[in-house]
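Chain by chain, the residues run as shown.
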Amino acid sequence: MSERGGNGPVNRVAVDVGGTFTDIVMLHGSTQFSAKILTSADAPERAVITGISDVLDQAKLTFNDIDALILGTTLATNALIERKGARTALITTAGFRDLVEIGQEDRFAQYDVFLQKPRPLVEREWRFTVEERIDAQGQVRIPLNEAQVVALAAELRAQQFESVAIGYLQSFINPQHEQRTAEILRDLLPGVTVSLSSEVCPEIREYERLSTVSANAYVQPLVAGYLHRLQQQLATRGLRVPPYLMTSGGGITTLENGIREPIRLVESGPAGGAILASNIASQLGLQKVLSFDMGGTTAKICFIDGFQPQISRSFEFGRVHRHQKGSGLPIRIPVIDLVEIGAGGGSIARIDHLQRLQVGPDSAGSAPGPVSYNLGGELVTITDANAQLGLLDPASFAGGKVELNVGKAAAALTQQIGKPLGLGTDEAALAVTEIIAENMANAARVHATESGKQVDSYTLIAFGGAAPLHAARLAGKLGIDRVVIPHAAGVGSALGFLWAPASYQAVRSFYQRLDNPDYPAVNALLETLSEQAHRIVQQADETAEVTLQRSVYLRYAGQGHEVAIPLEGQHVDEQELTALHERFTRTYRQLYGRSLDHVAVEAISWTVTATTAAPEIAFPAPGEPTVPTAGAAERTIYSLQQQQRIQVPVVTRADIAQTGQRPGPLVVVDPETTTLVDERFTVSSTREGHLLLERQPLSGAAQ
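So, here's what we can say about the structure. (Residues numbered from 1 in each chain as written. Predicted model: local features only at pLDDT ≥ 70, side-chain atom pairs only at ≥ 80, totals over all residues. Heavy atoms only, no water.)

## Structural notes on the packing of helix H2 (residues 75-82) against helix H7 (residues 206-236)
As a reminder of what qualifies: Lines are fitted to the C-alpha atoms to define the axes, a helix being fitted only along its stretch in contact, and any angle between axes, read from their N-to-C directions, falls within 0 to 180 degrees. The secondary structure listing takes helices from DSSP runs of H or I that are at least 4 residues long and strands from runs of E that are at least 2 residues long, numbered from the N terminus. Reported orientations rely on four angle classes, namely roughly parallel under 35 degrees, roughly antiparallel over 145, roughly perpendicular from 65 to 115, and oblique for the rest. Helix crossings fall into two classes, left-handed where the near helix is turned counterclockwise from the far one by less than a right angle and right-handed where it is turned clockwise. Should any heavy atoms of two residues lie within 4.5 Å, those residues are counted as being in contact. Basically, the charged four are Asp, Glu, Lys and Arg, the nonpolar ten are Ala, Val, Leu, Ile, Met, Phe, Trp, Tyr, Cys and Pro, and anything else, Gly included, counts as polar.
In contact at an axis separation of 9 Å, H2 and H7 are set at 135° when each is read in the N-to-C sense. With respect to each other, H2 and H7 are oriented oblique. H7 is crossed by H2, and the crossing has right-handed handedness. Contacts between H2 and H7 involve Leu75, Ala76, Ala79 and Leu80 on the former and, on the latter, Ala215, Tyr218, Val219, Leu222, Val223 and Tyr226. Considered class by class, the residues forming the contact of H2 with H7 number 10 nonpolar, no polar and no charged.

Structure, rendered in structure tokens:
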């Protein structure tokens, strides 16, 4: 990513558009400016422009002074989850119209008689078929019926479709039928976006491929419209550098690539948070870290080992059954492996028909928002509970952008939660926060079990607008003894964007047996993938050195899933293949405790990841205290441990840096968030300005 800062400090700006808040952070050299703006859901670019203008005003700069701008968005995510995407048609091979509904033809909860399967994004009446057939070797068996495509174009025009997904069988081997279909449709249907599975997801497994290309087509008009409008408004205001986008895999890419493949932006915000946690782990020398990102709508949990988050090849969205793997729709893209649950400051609390308190996963969002926002929201949320417990300053919430009405929140808590459960207002608020803490702890336990990890051996790094309030309680439930609250925690994911390298992963399925490979074909494929990935990364950063990492997904013959193994040589030859086989055997034994040495090994997919070096970001040193030390500023909060209201000191990070380690309970205030240090923890400051919470041994009382 080229930066043209002249002789002065480089000005880097990052924007994370969340479901409730839009976070903006700017680094003017090592001086940081930040803002938190309510997301304008009807036109996300409005909050983005407002937020960028806010930080530029703070720094006394203009849009023309920006040297690098990186954007992340939940727009695609929210459109998928809320089913608010474009009117989309799916075109597939004759006879396979219902593949996206049949799915894997299995039951993710075998004995659940009330099991519900996820509903496809494209309804049956919007799925169309065309006569064509290509075999597994890429040979044309039935030519594309172009007359059917032309006739179909007229029907699509009549039904006013905004977007079309094309997914033919075996197109990952030979894309010519998809390409010709797209050519006809683009000629006959100008203005309609067209997505090809051979471009979006050129891999085996038709269900995942069709689901992915459908999702890409479903969000493409929405994302493209937003990005085009934003680009125009930025240019009008004098931005002289191209904006870049954060991807779900933890790298940045160009605006054009984001418009072409918006599905790669789905988890961009959470990816920024994982990048932030990885770099802080490296700063502090923490080999095992649990990243905890809690904003206004969701909470994200990610395990990071050896300073690197794990990258997965797929994820699910819109799970019908909470925490049930297989109950959502699959998306096959490179994505940082994390768990996301509906637990944010705006998550709605209610009493269900069994008189149980439930919190989330639905959120009040930015409009109408929590009751305490005083913007028309009527349903109690986690933010309302925290306001009632005294953990939020009504005048300075979200940097003073939202003034909380605590009295209105208290009345709603009493009416909706307290009276039905026979609780006082404080106890009702505490119940809401305890339920959500247990939900998050359970999600972390499940993720740890699935990943084979022992969660209590990790350090928790908590960031996002709401996470520092809940971090100590979550750590207690998980048996974690150490919590880090990063500098600029309230805008942590946006800050993580600035650390991200330019990156792109190209992938293609190409079946080979290792005992009889086609060396020229394999090397030609790797060369093609390398050129594709290198070209896209160079578009994002023309001057940086690009590193290529090649991998192949291997399995024993007849198995259904593969293991990723790195390719160490520049070309695949007999010597590299022997070493590759040995690496696969070692990895397989580590994963499963055995190897099948008598069974042939198959290569299924080949990938090339191009990446640049991550930029170096310097944190500003802790500043002067903004409130007197020694506890002169205090606040009344409701204590979980003491089950009563108590007076606690209110301090800043600078106070902690100057006074050294302090015992809880106390509250640490930041411009965009608040950290609760309860009775079980002490708090100190690292050299980098991060808060370090350490759990103290209990004397008698249970946690």
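## A closer look at helix H9 (residues 268-284)
We apply this condition: Residue count minus one, scaled by 1.5 Å, sets the expected span of a helix. A 1.4 Å probe rolled over the protein chains alone gives each residue an accessible area, and that area as a share of the maximum for its type sets the label: buried under 20%, exposed over 50%, partly exposed in between.
The end-to-end C-alpha separation of H9 is 25 Å, in line with the 24 Å expected for 17 residues at 1.5 Å each. Counting buried residues in H9 gives 13 out of 17 residues, a clear majority hidden from the surface. Trailing H9 by a residue or two, Gly285 shows a phi angle of about 70°, which is positive.

## Brief notes about helix H16 (residues 574-592)
Quick reminder of the rule: In protein, a polar contact means a hydrogen-donor-capable atom and an acceptor-capable atom, both N or O and within 3.5 Å, with residues adjacent in sequence counting only if both atoms are side-chain atoms; elsewhere, any N or O pair within 3.5 Å suffices.
For H16, with 19 residues, the first-to-last C-alpha span of 27 Å sits near the 27 Å given by 1.5 Å per residue. Elements in contact with the buried residues of H16: helix H15 (519-540), strand S26 (547-556), strand S27 (563-567) and strand S28 (601-611). For H16, the capping residue at the N-terminal end is Asp573, with a side-chain oxygen 3.3 Å from the backbone nitrogen of Gln575. Directly after H16, the chain includes Gly593, whose backbone phi takes a positive value near 80°.

## Some details on the sheet that holds strand S2 (residues 21-28)
The condition is simple: Paired strands are those between which DSSP finds at least two bridges.
Taken in spatial order, the 6 strands make up an open sheet running S3-S2-S1-S4-S11-S12, and their pairing is mixed. Lying at the two open borders of the sheet, with one neighbouring strand each, are strand S3 (31-38) and strand S12 (252-254). Recorded for the sheet is a direction-independent mean angle of 25° between the axes of neighbouring strands. Of the strand pairs in this sheet, S2 and S3 are connected by 8 bridges, and their pairing is antiparallel.

## Some details on the packing of aromatic side chains
For clarity, the threshold we go by: Each aromatic pair joins two rings of Phe, Tyr and Trp (for Trp, the six-membered one) with centres within 6.5 Å, and gets the label stacked for planes under 30 degrees apart, edge-to-face for over 60, and tilted for any other angle.
Enumeration according to the criterion identifies 10 aromatic pairs in this entry. Measuring from ring centre to ring centre gives 5.5 Å for Trp126 and Phe161, while their planes differ by 90°; the resulting arrangement is edge-to-face. Taken together, the residues span a long stretch of sequence, with Trp126 in the loop between helix H3 (99-102) and strand S6 (127-130) and Phe161 in the loop between helix H4 (146-158) and strand S9 (163-167) at a distance of 35 residues. On the basis of relative accessible area, Trp126 is assigned to the partly exposed category, the value being 22%. Here Phe161 falls in the buried class, since its relative accessible area comes to 5%.

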